[in-house]
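Summary of structural features
These are the residues of each chain, in order.
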Amino acid sequence: MSDGEAAPRSPEPGSESRGRTRERRRKARTVLVAHPSAELYGSDRVLLESVSGLLAAGWQVVATVPRPGPLVDELVARGAGVEICPTPVLRKSALRPAGLVRFALEVAASVAPACRLLARTGAEAVYVNTVTVPTWMLWGRVLRRRVLCHVHEAEGSASPLLRRLLALPLLLAHQVLVNSTFSLDVLGSAIPTLRRRATVIYNGVPGPSAPTPARAVLTPPIRLLFVGRLSPRKGPQVAVAAAAELQRRGVEVHLHLLGAVFSGYEWFEAQLRQAVAAAGLVDAVRFLGFDADVWPHLGASDIVVVPSVLDEPFGNTAVEAMLAARPLVVSATSGLREAAQGYPSAVFVTPDQPEALAEAVLDVVANWPVYREQALADSARARARHSVERYRSEVAAVVNRAAKSPSLSLGRRRLSRPRSR
């Protein structure tokens, strides 16, 4: 080597690995995942598993939510990019004239930011998580992206007209994922052709690594736990009334309500607290608020109650109870029945009947050794049925199939890509 000739430099440690990572990212296909909130309730938690499945399958994931919240940090921790983008969220208030006008204005304001985001990310697929953000399906179609929608809602008790209106945006999706056969039946009753493009994938629900068995002896008070939104449809008011009924029968119970209200529903929590005071249950009922970590609360409980009064598309909280090895008293309706079927430790009751809920709790207490052992066995069944690994791979497989499809479809009509001359 001649004087002054630069010696070749050895690569810095790890530089080759970093280069390969950057190269993989450049080659990775991108999917834009649209979600209506940034909280950590049922569909929010399921979204995290969908994102993990897509990342594991080689997709680059960019998630978009309308505003910041605890879900954002969880998405980033799993490896997704996150963009805050104004998005109109479809709520029942949009069915009223004033609400419809407000929704239309929000749609108009969202067009430019949404289209810019799609263009900037280069996403070839749009994965819309819930039907409450239908505009993402429209923008995805307009910009010729593959569009998927994961349905987590099912209003089987709604009028046929309302069900059809809620399902209409799904005609824009190339592929529909649904979380239960109940949800599929509701969609099919509204628009029969949706059945042909729908795939049922039961939710993946992560549980504790080693569930703690329930206590062997039920010394008073009996510990009841409600997990979920504090909303009229979820039935915390039924749980409070059942606790009052049990107290009247001389059974000492403590009821913990784990969850918070939607913004704008503060009146319901105030109403619930008034009912607790009127029943003389101030010392027996605790409002715990929201906690992302439900397992310590489940581990401290004896019996979990899921007293929803209206249709539920599925029952994540029911599955969580079984994963935690806790006997469950659950409304015999819709997706809740589907989620809890086949588990001997689950007792079904008529919805919106506090007396029936109280009777079921008494039955579990009277036969505690049997229910306790059944709950332990059911925990293993639930882990197998709702494995997050199974869920992630199934979601990724559906997205991969949709992305590879060579044509765009809308209902029965197919729009072939133009041939090159």
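About the criteria used
- Residues numbered from 1 in each chain as written.
- Predicted model: local features only at pLDDT ≥ 70, side-chain atom pairs only at ≥ 80, totals over all residues.
- Heavy atoms only, no water.
- Pairing = 2+ DSSP bridges.
- Helix = DSSP H or I, 4+ residues; strand = E, 2+ residues; numbered from the N terminus.
- Axes fitted to C-alpha atoms, helices over the stretch in contact; angles between N-to-C directions.
- Contact = heavy atoms within 4.5 Å.
- Phe/Tyr/Trp six-rings, centres within 6.5 Å; stacked < 30°, edge-to-face > 60°.
- Buried < 20%, exposed > 50% of the residue type's maximum accessible area, 1.4 Å probe, protein only.
- Lys NZ or Arg CZ within 6 Å of the ring centre and 35° of its normal.
- Patch = residues over 30% accessible without salt bridge, like charges linked within 9 Å, V, L, I, M, F, W, Y side chains within 5 Å.
- Areas by Shrake-Rupley, 256 points an atom, 1.4 Å probe, with all protein chains shown as cover.
- Salt bridge = Lys/Arg side-chain N within 4 Å of Asp/Glu carboxyl O.
- Expected span 1.5 Å × (residues − 1).
- Right-handed = clockwise from strand over helix to strand, strands pointing away.
- Arc of directions from axis to C-beta.
- Core = buried A, V, L, I, M, F, W, Y, C linked by side-chain atoms within 4.5 Å.
- pLDDT = per-residue confidence, 0-100.

So, the sheet that holds strand 12 (residues 328-331)
Taken in spatial order, the six strands line up as 10-9-8-11-12-13 in an open sheet, and their pairing is parallel. What marks the edges here is a single partner per strand, and that holds for strand 10 (285-289) and strand 13 (346-349). Between one strand axis and the next, the sheet turns through 20° on average, direction left out of account. Of the strand pairs in this sheet, strand 12 and strand 13 are connected by four bridges, and their pairing is parallel. Within strand 13, the residue paired with Val 329 across the bridge is Val 347. Taken strand by strand, helix 11 (residues 316-323) contacts strand 8 (222-227), strand 11 (303-306) and strand 12, and its axis lies near 170° from that of strand 11.

Some points on the packing of aromatic side chains
The tally for this structure, following the rule as stated, stands at five aromatic pairs. Between the aromatic rings of Tyr 41 and Phe 290, the centroid separation amounts to 5.1 Å while the plane-to-plane angle is 50°, which identifies the pairing as tilted. Highlighted residues: Tyr 41 in the loop between strand 1 (30-34) and helix 2 (42-56) and Phe 290 in the loop between strand 10 and helix 10 (295-299), separated in sequence by 249 residues. Note on Tyr 41: relative accessible area 14%, which makes it buried. On the basis of relative accessible area, Phe 290 is assigned to the partly exposed category, the value being 35%. Ring geometry for Tyr 202 against Phe 314: centres 5.8 Å apart, planes inclined by 35°, an arrangement best described as tilted. Linking Tyr 202 in the loop between strand 7 (198-200) and strand 8 with Phe 314 in the loop between strand 11 and helix 11, this pair joins segments that are 112 residues apart in sequence. Its relative accessible area of 28% is what places Tyr 202 among the partly exposed residues. Pairwise contacts between aromatic rings join Phe 262, Tyr 265, Trp 267 and Phe 268 into one cluster. Directly above the aromatic system of Trp 59 lies the positively charged group of Arg 29, at a separation of 4.1 Å from the ring centroid.

Quick word on a nonpolar patch on the surface
Side chains of Leu 161, Leu 165 and Leu 168 sit close together on the surface and give an oily, nonpolar patch of about 290 Å² of accessible area. Mapped onto the elements of the fold, Leu 168 is located in the loop between helix 6 (160-167) and strand 6 (175-178).

A closer look at helix 15 (residues 388-404)
Compared with the 24 Å implied by 1.5 Å per residue over 17 residues, the 24 Å span of helix 15 between its first and last C-alpha is a close match. Within the sequence span of helix 15, burial applies to Val 388, Tyr 391, Val 395, Ala 396, Val 398, Val 399, Asn 400, Ala 402 and Ala 403. Buried positions along helix 15 lie against helix 2, strand 4 (125-129), strand 5 (146-151), strand 6 and strand 7.

Some details on the pairing of strand 6
Of the two faces of strand 6, the one holding Gln 175 and Leu 177 and the one holding Val 176 and Val 178 are both buried throughout. For strand 6 and strand 7, the ladder comprises three bridges, and the chain directions are parallel. Each bridged residue has a counterpart across the sheet, and for Leu 177 the counterpart in strand 7 is Thr 199. Where the polypeptide runs from strand 6 across helix 7 (residues 181-190) and back to strand 7, its parallel neighbour, the crossover connection is right-handed.

Re helix 9 (residues 266-278)
When the terminal C-alpha atoms of helix 9 are compared, their 19 Å separation across 13 residues agrees well with the 18 Å that a helix rising 1.5 Å per residue should span. For helix 9, the set of buried residues is Phe 268, Leu 272 and Val 276. Seen along its axis, helix 9 keeps its buried residues to an arc of 80°; they face one direction. Looking at helix 9, the residues exposed on the side facing more than 90 degrees away from the buried face are Gln 274 and Ala 278. Buried residues along helix 9 sit against helix 8 (236-248), strand 9 (253-258) and strand 10.

Concerning the sheet that holds strand 7
Pairing is parallel across the open sheet formed by seven strands, whose spatial order is 3-2-1-4-5-6-7. With partners counted over all chains shown, the strands left at the sheet margins are strand 3 (81-84) and strand 7, one partner each. Across the sheet, the mean angle separating the axes of adjacent strands is 20° when strand polarity is ignored. Sheet contacts for helix 4 (residues 97-121): strand 1, strand 2 (60-65), strand 3 and strand 4; angle to strand 1, the most-contacted strand, approximately 155°. Across the sheet, helix 7 is in contact with strand 5, strand 6 and strand 7; its angle to strand 6 comes to roughly 135°.

Examining the nonpolar core
If you look at the biggest cluster of nonpolar residues, it comprises 36 residues, and the most contacted ones within it are Leu 224, Leu 255, Leu 257, Leu 281, Ile 303 and Val 329. Excluding anything up to four places from it in sequence, Val 329 contacts Ile 303, Val 304, Val 305, Val 306, Val 347, Val 349, Leu 357, Ala 360, Val 361 and Val 364. Counting 33 residues, the second-largest nonpolar core is a separate cluster that includes Val 107, Val 126, Ala 173 and Leu 194.

Things to note about unusual backbone geometry
Apart from glycine, the bulk of residues carry a negative phi angle, and the bulk of peptide bonds sit in the trans form. Cis peptide bonds are those with omega within 30 degrees of zero, and the linkage from Pro 220 to Pro 221 qualifies with 0°. Looking at the secondary structure, you find Pro 221 in the loop between strand 7 and strand 8. The phi dihedral of Asp 352 is positive, around 60°, even though this residue is not glycine. Note on placement: Asp 352 falls in the loop between strand 13 and helix 13 (354-366).

Some words on the confidence of the model for the protein
Taken residue by residue, the protein gives an average pLDDT of 89. The fraction at 70 or more is 89%. Across residues 1-11, confidence stays below pLDDT 50; counting only partners more than four residues off in sequence or on other chains, it has four contacts. In this model residues 15-26 is a low-confidence stretch, pLDDT under 50, and it forms four contacts with partners more than four residues away in sequence or in other chains.

Side note on the pattern of salt bridges
Within the structure shown, the criterion is met by 15 salt bridges. When the shortest N-O distance is used, the salt bridge between Glu 245 and Arg 249 registers 2.9 Å. Overall, the relative accessible area of 37% leaves Arg 249 in the partly exposed class. Here the salt bridges share partners, and the residues they tie into one network are Glu 245, Arg 248, Arg 249 and Glu 359.

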